[in-house]
Amino acid sequence: GVKLNVGQTGFYRVKYSEDLLAALGGGVEDMSLSAVDRLSIQADAFQLAKAGKLSTSSALAIADRYRKEEDYTVWADLAGSLGDVMGAWAEEESYAKLQKLAVVLMSTIVQKVGWEPKDGESALWPLLRPLVIGVAGRNGDSAVAADAKSRMEKGWNTLPADLRFAVYSIVVSTGGPKEFEQVYEVFKSADMAEERVRALRALGYTKDPALIQRLLGMAIDGSVRSQDVFYVFGTLANNRAGAAASWQFLQDNWAKIIEMFASGQFLLARILKSATSCFASNQRAAEVEAFFKDHEAPGAERAIQQALEVIRSNAAWLDRDKASVSAWLNAHKDL
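Draft legend 1. Spatial organisation of the packing of aromatic side chains. Summed over the entire model, instances satisfying the criterion amount to nine aromatic pairs. On the numbers, 5.6 Å between centres and 80° between planes, the contact of tryptophan 247 with phenylalanine 291 is edge-to-face. Linking tryptophan 247 in helix α13 (residues 243–252) with phenylalanine 291 in helix α16 (residues 282–294), this pair joins segments that are 44 residues apart in sequence. Across the pair, phenylalanine 291 and tryptophan 247 agree in class, each one buried. Within the aromatic cluster, the residues linked to one another by ring pairs are Trp247, Trp254, Phe291 and Phe292. Directly above the aromatic system of tyrosine 184 lies the positively charged group of arginine 214, at a separation of 4.7 Å from the ring centroid. Of note, arginine 284 hangs over the ring of phenylalanine 279, and the distance from its end group to the ring centre comes to 4.5 Å.

Draft legend 2. Region of interest: the packing of helix α15 (residues 265–276) against helix α17 (residues 301–331). Across the interface, α15 lies against α17 with an axial gap of 9 Å and an inter-helix angle of 15°. Taken together, α15 and α17 sit at an angle that is classed as roughly parallel. In this structure, α15 crosses over α17, and the sense of that crossing is right-handed. Of α17, the residues touching α15 (which contributes Ala269, Leu272, Lys273 and Thr276) are Ala303, Ile304, Gln306, Ala307 and Ile311. Considering only residue class, the contact of α15 with α17 consists of six nonpolar, two polar and one charged.

Draft legend 3. Looking closely at the environment of aspartate 319. Checked against the element boundaries, aspartate 319 lands in helix α17. Along the chain, aspartate 319 and isoleucine 304 lie 15 residues apart, while their C-alpha atoms are 22 Å from each other.

What counts and what doesn't
- Each chain has its residues counted from 1, following the order in which its sequence is written.
- Per-residue local features are limited, in this predicted model, to residues with pLDDT of at least 70; the limit for side-chain atom pairs, both in listing and counting, is 80 or more; totals at the level of whole chains, interfaces and linings are taken over all residues.
- Side-chain calculation: all heavy atoms of the structure are included, whereas hydrogens and water are not.
- Here is the rule: rings of Phe, Tyr and Trp (six-membered ring for Trp) pair when centre to centre is within 6.5 Å. Planes less than 30 degrees apart are stacked, more than 60 are edge-to-face, and the remainder are tilted.
- The helix count covers DSSP runs of H or I at least four residues long, the strand count covers runs of E at least two residues long, and both are numbered beginning at the N terminus.
- When a residue's accessible area, from a 1.4 Å probe over protein chains only, is under 20% of the maximum for its type it is buried; when over 50% it is exposed; and in between it is partly exposed.
- Either the NZ atom of lysine or the CZ atom of arginine qualifies as a charge over a ring when it sits within 6 Å of the ring centre and within 35 degrees of the ring normal.
- Angles run from 0 to 180 degrees between N-to-C directions of axes, and those axes are lines fitted to C-alpha atoms, restricted for helices to the stretch in contact.
- Working definition: roughly parallel below 35 degrees, roughly antiparallel above 145 degrees, roughly perpendicular at 65 to 115 degrees, and oblique for all remaining angles.
- Helix crossings fall into two classes, left-handed where the near helix is turned counterclockwise from the far one by less than a right angle and right-handed where it is turned clockwise.
- Contacts were defined at the residue level, with two residues in contact if any of their heavy atoms lie within 4.5 Å.
- In the scheme used here, Gly and all other residues not listed as nonpolar or charged are polar, with Ala, Val, Leu, Ile, Met, Phe, Trp, Tyr, Cys and Pro taken as nonpolar and Asp, Glu, Lys and Arg as charged.

Here it is, written out as structure tokens:
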């Protein structure tokens, strides 16, 4: 395959033909392309898919060639690309298969990095380890989830700092009230603000409707520092069990929220953008637009406009590629 823009010196997206893209997949698979080029091939493919210039199933077929990948920067970007698709497809039936795809893609690297640091490992593996363990464990890798659970049982302070968020988020997303309580205890009792934020972000992965309401209540009852409220809405927005509930909560408690952020308008803007731009239907866009026609959001007007653009662009993307992605996933032998 011929790779244009080698080493990524030019800032432009390269649109390859489907055949050439498949050929480049070989260079991804055998790692003969550099990490920078491996990163850009999938990044370009997913950006072009979003823009309607390439089918999303072709981008997923390229992603499928990264099973032997070991580079942190490549995985971090690819995890983001898959996360974008999963975000737009959150309310679709094929979501479960996208989760399975993420687990399948990462199974080799999860085994390879393992839970414990290795002698002489790559300098970026301490960042790679929590990334792949977290994604796999939250998306249905039951062995990883069981491992996380048993590690949490030994006490959160026995966990190495770099794995804590991965463990917290896995136990909350795969567990119930007991696991939520374990992580809530960290949020309540940890001395370091950084640790409390890790725990707070992880609580947003719960799938239990009552616990989602409890967490939302904490966001406005003074339990959470105002500069950290963003984490509650930001994480719930990316949780398919929490996105609709959190947007509804914002609307129902609008007066209180506006009062809380009267002097921190950039925080309000950040919260609104994350809580709404997760949607992917024109109906939701109309709902968001109608709400803010009737309710003022001082300093957040621009953020709301940007969110509406994202929602509508996600809706168009989903509309365009829903059927072909579903067909590609259903035909996949490992899903």
